[in-house]
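Summary of structural features
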Amino acid sequence: MAAARPGQDPPTRNQLLARPPHRPASTLVALAVLVGLVAVAGCVPADRRPTWRLFPLQRQQPHDGLAVVSQPDGYGLHIWLETDTRRQGVCRPRWLPDPARLFNGNGSHPFSSGLASREEFFAAVARRDVRRALRRELEALCLSRAPRSTWEWIEPPLNPSQVKVEKLPMLEEKDLLTDPETIRKQEQDPEQENVTEPQAGAATP
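Since we're looking at a predicted model, the values are computed, not measured.

What counts as what
Residues numbered from 1 in each chain as written. Predicted model: local features only at pLDDT ≥ 70, side-chain atom pairs only at ≥ 80, totals over all residues. Heavy atoms only, no water. Salt bridge = Lys/Arg side-chain N within 4 Å of Asp/Glu carboxyl O. Helix = DSSP H or I, 4+ residues; strand = E, 2+ residues; numbered from the N terminus. Buried < 20%, exposed > 50% of the residue type's maximum accessible area, 1.4 Å probe, protein only. Disulfide = S-S within 2.5 Å. Contact = heavy atoms within 4.5 Å. Pairing = 2+ DSSP bridges. Axes fitted to C-alpha atoms, helices over the stretch in contact; angles between N-to-C directions. Core = buried A, V, L, I, M, F, W, Y, C linked by side-chain atoms within 4.5 Å. Expected span 1.5 Å × (residues − 1). Arc of directions from axis to C-beta.

Some thoughts on the pattern of salt bridges
Once the charged atoms of two side chains with opposite charge are near each other, the side chains can pair. A full pass over the atoms with the stated rule returns 12 salt bridges. D84 is the partner of R94 in a salt bridge, and the nearest nitrogen-oxygen pair spans 3.7 Å. Of this pair, R94 sits in strand β5 (residues 90-94) while D84 sits in strand β4 (residues 82-84), and the two are 10 residues apart along the sequence. When sorted by exposure, R94 lands in the same class as D84, which is buried. Salt bridges sharing common partners tie together D84, R86, R87, R92, R94 and E152.

Digging into the state of the cysteines
Scanning the entire structure with this criterion turns up one disulfide. Here C91 pairs with C142 through a disulfide, and the sulfurs are 1.8 Å apart. An S-S torsion of about -80° defines the bridge between C91 and C142 as left-handed. Of this pair, C91 sits in strand β5 while C142 sits in helix α4 (residues 128-145); the two residues are 51 residues apart in sequence, bridging distant segments of the chain.

Remarks on helix α3 (residues 118-125)
All of the buried residues along α3 are E120, F121, F122, A124 and V125. Buried residues along α3 sit in contact with β2 (65-68), β3 (76-80), β6 (100-103) and α4.

With respect to the sheet that holds strand β8 (residues 150-151)
Remark on secondary structure: sheet strands pair via backbone hydrogen bonds, oriented parallel or antiparallel. With mixed pairing, the three strands of this open sheet are ordered in space as β4-β5-β8. Edge positions in the sheet fall to β4 and β8, since each has one partner strand and no second. For β4 and β5, the ladder comprises three bridges, and the chain directions are antiparallel. The residue bridging E82 from the neighbouring strand is R94, located in β5.

Looking at the sheet that holds β6
The five strands are arranged β1-β2-β3-β6-β7 in an open sheet whose pairing can be described as antiparallel. Two strands close off the open sheet at either side, each with one partner strand: β1 (54-56) and β7 (111-115). Averaged over neighbouring strand pairs, the angle between their axes works out to 30° when direction is ignored. Pairing of β1 with β2, which is carried by three bridges, proceeds in the antiparallel orientation.

Some thoughts on the nonpolar core
V68, I79, L81 and L134 are the most contacted members of the largest nonpolar core, which totals 17 residues. Of all elements in the fold, only β2, β3, α3 and α4 reach the threshold of two or more residues within this core. No other element matches the five residues that α4 contributes to this core. Excluding anything up to four places from it in sequence, L81 contacts R59, H63, D64, G65, L66, L134, E137, L138 and L141. The next biggest cluster of nonpolar side chains, apart from the first, holds five residues, and it includes L57, A67, V69 and L102.

Some remarks on the pairing of β5
Taking burial as the measure, the five residues of β5 include four buried ones, the bulk of the element. If you look at the hairpin formed by β4 and β5, you'll find five residues sitting between the two strands, and G89 has a positive phi there, around 80°. As paired strands, β5 and β8 are joined by two bridges and run parallel to one another. Pairing of V90 across the sheet is with T150, part of β8.

Brief notes about α4
Helix length check: α4, at 18 residues, gives a terminal C-alpha distance of 26 Å against a target of 26 Å (1.5 Å per residue), a fit within 8%. Within the span of α4, buried status applies to V130, A133, L134, E137, L138, L141 and C142. Angularly, the buried residues of α4 cover 165° about the axis, an arc narrow enough to put them on a single face. Facing away from the buried side of α4 by over 90 degrees, the exposed positions are R128, R132, R136 and L143.

Right under this line is the structure:
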């Protein structure tokens, strides 16, 4: 208990409890900065701030796209979702870091067109709420595409160095590609180029 000055009665317990606690100068400065930031944010109109609204936006089938309203006026990203089932019995995300540009994300008819930047993709997936939504949609997409496979979550790339170049599956199928040697022989043999297939219904000798 604090000592009383000469000629004064010592402070009572209630008076001591009523005194505001002593705050360090650093705490007061931090509170002042926080109040200032809140005041500045409050000066920005609501329609000029991103809502960070998240919702599924289908491309070809349910759960294959996620809309992220990351800019003011309903602009944002349409992240295309794909699955990777190259490992037998396992389904996991295949990340496409080139999202489409989202329009009217706060309206009743959102749509996407063109491409957004990878920097916007990295900034969006760095948010915990966006990753949660991505994980939920991708797990549902894997369940619909490969219901007997085990779901395996892989974190999205957060910077350019983490992006893996994926080969298109069709380029890995030999039966879908023309033999380069055959093409070379056709280019070197003019008569081969003039040979045409008989039309349907045409009589053959």
